[in-house]
Amino acid sequence: IGFTGIGIQGTAVQVRIAKPEETDAAVKELRGMIQQLGSALLGTIGNDIDVQKGEGGLITVQPTEAGMQQRISNAISASIETVRRRVDNMGTAEASVIRQGRDRILVQFPGLQDTAQLKTILGETARLSFHEEHPSITGEEAKATRPPPGYRVYPSAEREGFAYLLRETPVVRGDQLIDAQPGFDQRTNEPIISFRFNQSGARQFGKFTSDNVGRPFAIVLDDKVLSSPVIREPILGGSGQISGSFTIESANNLAIQLRSGALPAKLTIVEERTVGPSLGADSIEAGRTAGIIGGLATIVMTVVAYGTFGLLAVFGLIINGLLIVALMSVMGSTLTLPVSE
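No experiment lies behind these values; they were computed from the predicted model shown.

Each value, and the rule that gives it
Residues numbered from 1 in each chain as written. Predicted model: local features only at pLDDT ≥ 70, side-chain atom pairs only at ≥ 80, totals over all residues. Heavy atoms only, no water. 1 Å grid on protein atoms, 1.4 Å probe; cavity = no way out; pocket = protein on both sides within 12 Å on 5 of 7 lines; lining within 4 Å. Points joined across faces, edges and corners; volume = space filled by probe spheres on them. Helix = DSSP H or I, 4+ residues; strand = E, 2+ residues; numbered from the N terminus. Buried < 20%, exposed > 50% of the residue type's maximum accessible area, 1.4 Å probe, protein only. Pairing = 2+ DSSP bridges. Salt bridge = Lys/Arg side-chain N within 4 Å of Asp/Glu carboxyl O.

(A) Spotlight on the layout of surface pockets. Taken as a whole, the largest pocket holds about 1,200 Å³ of empty space. Taken together, 35 residues make up the lining of the largest pocket; nearest its centre are I105, L106, V107, E271 and E272. Of all the secondary structure elements, the ones that give two or more residues to the lining of the largest pocket are α2 (65–88), β8 (104–108) and α3 (116–123).

In structure tokens form, the structure reads like this:
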């Protein structure tokens, strides 16, 4: 069933069928995408999308309110798992990642002094994909006219104002990666990211590179082209590397994001709190002062009351205290101080 135009209008997708007499058949096919929401326990609560027929072969596909809420809930659940994997890859087992309210995620990371790296890792979607470039039309020409059907203009991440015309359907997606590690290029010594596909991704990537030797393809991260290398020979091993204007820190952060998987939606940091050990520091200082004053007062009172025997008792208590501290140090014990507000 042919169509002459397709695009987004508000929160709906509109498609115009080339032959109006085929509109009913197109509506029937599109309604096959509708899925019922609910469960066996709670019953059906509605459909996820609505397909409506308009005038002149126009068809509108729009998510329902129930479908939108289901998508938000699914996105939050998937984001929590992705955020947890990213936080765990930073090297801590004590971080807490929980859902808060309808559309928020609370991340608690104890012992972190600088939150810049954490915000960088959590703030990027890290949706990686590999696309075929158009063989004859450049991105600048497509921006001046109109991209051909099935293609889209992507901006460059490194060259300001430069664009690429790529096939919208990717050859391989980032979710087919099974590993991504930072490293260094052996020729230029620049930071790179080495990646490895699963069996399905390796097979697709190998076939594409075999069929397109001598042609460029684009590596796209979050809808921006990182690089556009030319395929010199088939890449059949299922592995490769991504190069660009990386620093050691940015390469490491991106590798963590790629290993953890892409976020289903971009996260916005709406609140940040840093809690320091001010109460514990004040308690320690007050306890040290009280201990010194109390100890000196006890020594003076004991010596005044008992004379030489008091002095010997004080000396014995000091030796006993030193032995206790030494024994606790050897055993690795911790002396805690309960504090109440």
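(B) Region of interest: the pairing of strand β14 (residues 191–197). Within β14, five of the seven residues are buried, which leaves it mostly tucked inside the rest of the structure. Pairing between strand β13 (residues 177–184) and β14: seven bridges, direction antiparallel. Paired with D179 across the bridge in β14 is R196. Here β13 folds back onto β14 in antiparallel fashion, the turn holding six residues, of which N189 has a positive phi close to 65°.

(C) Main features of unusual backbone geometry. In this model, D222 sits at a positive phi of 50°, which is unusual for a non-glycine residue. Within the secondary structure layout, D222 lies in the loop between β15 (217–221) and β16 (224–227). In this structure, D223 is a non-glycine residue whose phi angle is positive, near 65°. As for its placement among the helices and strands, D223 is situated in the loop between β15 and β16. For D223, a relative accessible area of 39% translates into the label partly exposed.

(D) Quick peek at the pattern of salt bridges. Using the criterion set out here, one finds 12 salt bridges in the structure. For the salt bridge of D48 with R71, the shortest nitrogen-to-oxygen distance reads 4.0 Å. Taken together, the residues D48 in the loop between β4 (43–47) and β5 (49–53) and R71 in helix α2 connect sequence positions 23 residues apart. Judged by relative accessible area, R71 falls into the partly exposed class, the value being 41%. A salt bridge links R273 to E271; the nearest nitrogen and oxygen atoms lie 2.7 Å apart. On the accessibility criterion, E271 (47% relative accessible area) is partly exposed. The network of salt bridges with common partners includes E132, R167 and R215.

Structural measurements only, silent on function.
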